[in-house]
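Understanding the architecture of this molecule
The chain contents come next:
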Amino acid sequence: MSDPIRTRRDGGVLEVVIDRPKANAIDLATSRVMGLIFRDFRDDPELRVAIVSGAGEKFFCAGWDLKAAASGDAVDGDYGVGGFGGLQELRDLNKPVICAINGICCGGGLEIALSADLILAAEHATFALPEIRSGTVADAASIKLPKRIPYHIAMDMLLTGRWLDVHEAHRWGFVNEVLSADRLMARAWELARLLESGPPLVYAAIKEIVREAEGSTFQTAMNKITKRQFATVDRLYSSEDQLEGARAFAEKRTPIWKGE
């Protein structure tokens, strides 16, 4: 049996492919594998960006593996580091993650996508939260989706389980770009290379600020920035990269980011 998760490392980019035919659904064991992969990505100073996609042309990820659940996998079982799919509860992940949706993206698959920073989707991609029909709750999506798209659209998806095509998903703003299927991964890698060339300490500060500000007032978050109470901001403001950015601008050259 092939590995349920395939990875490819090229320079500072890590590609993670969910490969569990037929629907790329995730059981407890697969989730634990994904958690270790994303933990190692977070902790590896040489890696700058991750791309997450699904194998095949029909499914990105159908979410929780209901066949595994019927065989004994508990819905509240041990998903491993980072929670379901390794991403949605992974602490201190301060690097960009790109999700490339190559087909059906539903349930926990949509929750994984919502844990990414940028979402690209093929023209045939579709989206839904069908948990309501199987008598359970889309827990992470219930928290995240109403903060990402209009409340009433999010509640429509949560309460009815209806499907959105990629153009509606793009219109509501949780898909960044819609691409032909044959362009999807090329664009994901193009975007990853752009981010790979950028300042990693700034990315880290952006991600921590955005994450922490979600649960605080504007002024509280601003005070924490100006007082350097975010670890990533403190590191950035004391870094050689901060000086390099200013020097490169003054010298009209491309900056060389070292992440230190």
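In short, a report on the structure. The residue numbering used here restarts from 1 in each chain and proceeds along that chain's sequence as written. A pLDDT threshold of at least 70 governs which residues receive local features in this predicted model, and a stricter bar of 80 or more applies before side-chain atom pairs are shown or counted, although totals over entire chains, interfaces and linings include all residues. Side-chain calculation: all heavy atoms of the structure are included, whereas hydrogens and water are not.

**Brief notes about the overall build of the chain**
Convention followed: Only runs of H or I of at least four residues qualify as helices and only runs of E of at least two qualify as strands under DSSP, and these elements are numbered from the N terminus. For this measure, only C-alpha atoms enter the radius of gyration; the expected value for a globule follows 2.2 Å times N^0.38, where N is the number of residues. Each residue's exposure class comes from its accessible area (1.4 Å probe, protein chains only) as a fraction of the maximum for that residue type: buried when under 20%, exposed when over 50%, partly exposed otherwise. Two residues qualify as a contact provided that any one of their heavy atoms is within 4.5 Å of a heavy atom in the partner residue. Only four residue types enter the tally: Lys and Arg on the positive side, Asp and Glu on the negative side, with His and both chain ends excluded. The location of each charge is read from NZ of Lys, CZ of Arg, CG of Asp or CD of Glu.
Of regular secondary structure, the chain possesses 11 helices and 10 strands. Relative to the globule expectation of 18 Å for 260 residues, the C-alpha radius of gyration of the chain, 19 Å, shows essentially globular dimensions. If one aligns the C-alpha atoms of the chain with their principal axes, the spans along those axes are about 60 × 40 × 35 Å. Each of the 260 residues in the chain was classed as buried or not, and the buried ones make up 48%. Put simply, 67% of the contacts in the chain that link residues at least 6 apart link residues at least 24 apart. Distance between charge centres in the chain, computed from 32 positive and 37 negative side chains, equals 3 Å.

**Observations concerning the pairing of strand E3 (residues 49–54)**
Our working definition: Strand pairing follows a simple DSSP-based rule, namely that at least 2 bridges must link the two strands. By convention, orient the strands away from the viewer: a clockwise path from the first strand over the helix to the second makes the crossover right-handed.
Across the six residues that make up E3, a large majority, six, are buried. Burial along E3 is two-sided: the face carrying Val-49, Ile-51 and Ser-53 and the face carrying Ala-50, Val-52 and Gly-54 are both buried. As paired elements, strand E2 (residues 13–18) and E3 share six bridges and run parallel to each other. Directly across from Leu-14, in E3, lies its bridge partner Ala-50. In this fold, the crossover linking E2 to E3 by way of helix H1 (residues 28–43) has right-handed handedness.

**Quick notes on the packing of helix H4 (residues 139–148) against helix H5 (residues 151–160)**
Each pair of packed helices can be summarised by the angle the axes make with each other and by the distance between the axes. Note the threshold: Interaxial angles span 0 to 180 degrees and are taken between N-to-C directions of axes, which are lines fitted to C-alpha atoms, for helices over the stretch in contact. Roughly parallel covers angles under 35 degrees, roughly antiparallel covers those over 145, roughly perpendicular covers 65 to 115, and oblique covers all other angles. Each crossing gets its hand from how the near helix is turned against the far one by less than a right angle, where anticlockwise is left-handed and clockwise is right-handed. In the scheme used here, Gly and all other residues not listed as nonpolar or charged are polar, with Ala, Val, Leu, Ile, Met, Phe, Trp, Tyr, Cys and Pro taken as nonpolar and Asp, Glu, Lys and Arg as charged.
In contact at an axis separation of 8 Å, H4 and H5 are set at 155° when each is read in the N-to-C sense. One finds that H4 runs roughly antiparallel with respect to H5. Our pair here, H4 against H5, has a crossing hand that is right-handed. Across from Ala-141, Ser-142, Leu-145 and Pro-146 in H4, the residues of H5 making contact are Tyr-151, Ala-154, Met-157 and Leu-158. Its residues assigned to classes, the contact of H4 with H5 shows seven nonpolar, one polar and no charged.

**Here we look at the pairing of strand E5 (residues 97–101)**
With five of five residues buried, E5 is to be regarded as a mostly interior element. Neither face of E5 is left uncovered, since the one carrying Val-97, Cys-99 and Ile-101 and the one carrying Ile-98 and Ala-100 both have all their residues buried. The pairing of E3 with E5 spans four bridges and is parallel. Along E5, the bridge assignment pairs Ser-53 with Ala-100. Bridge count between E5 and strand E7 (residues 118–122): four bridges; the pairing is parallel. Bridge assignment links Cys-99 to a residue of E7, and that residue is Ile-119.

**A short note on the packing of aromatic side chains**
For clarity, the threshold we go by: Within 6.5 Å between ring centres, the rings of Phe, Tyr and Trp (the latter by its six-membered ring) count as paired, and their orientation is classed by plane angle as stacked under 30 degrees, edge-to-face over 60, tilted in between. Sitting over a ring, as applied to charges here, requires NZ of Lys or CZ of Arg to be within 6 Å of the ring centre and within 35 degrees of the ring normal.
Per the stated rule, a full pass over the model turns up three aromatic pairs. Considering the side-chain rings of Tyr-79 and Phe-84, the 5.6 Å spacing of their centres and the 80° angle between planes classify their relative orientation as edge-to-face. Each member of the pair, Tyr-79 as well as Phe-84, is classed as buried. One aromatic cluster is present, formed by Trp-64, Tyr-79 and Phe-84 through successive ring pairs. Taking the ring centre of Phe-41 as reference, the NZ or CZ of Lys-95 above it sits at 5.2 Å.

**Quick word on unusual backbone geometry**
The omega angle of the peptide bond from Pro-21 to Lys-22 is 10°, so this bond is cis rather than trans. You can see Lys-22 is positioned in the loop between E2 and H1.

**Observations concerning the side chain of Thr-232**
Put simply, the rule is: What qualifies as a polar contact is a pair of N or O atoms within 3.5 Å, subject to a donor-acceptor requirement within protein and to the restriction that residues adjacent in sequence count only when both atoms come from side chains.
Checked against the element boundaries, Thr-232 lands in helix H10 (residues 231–237). Look at Thr-232 and you get buried, because its relative accessible area is 12%. Side-chain polar atoms of Thr-232 contact the side chain of Glu-208, separated by 2.4 Å. Residues in contact with Thr-232, not counting those within four places in the same chain, are Asn-94, Ala-204, Ala-205 and Glu-208.

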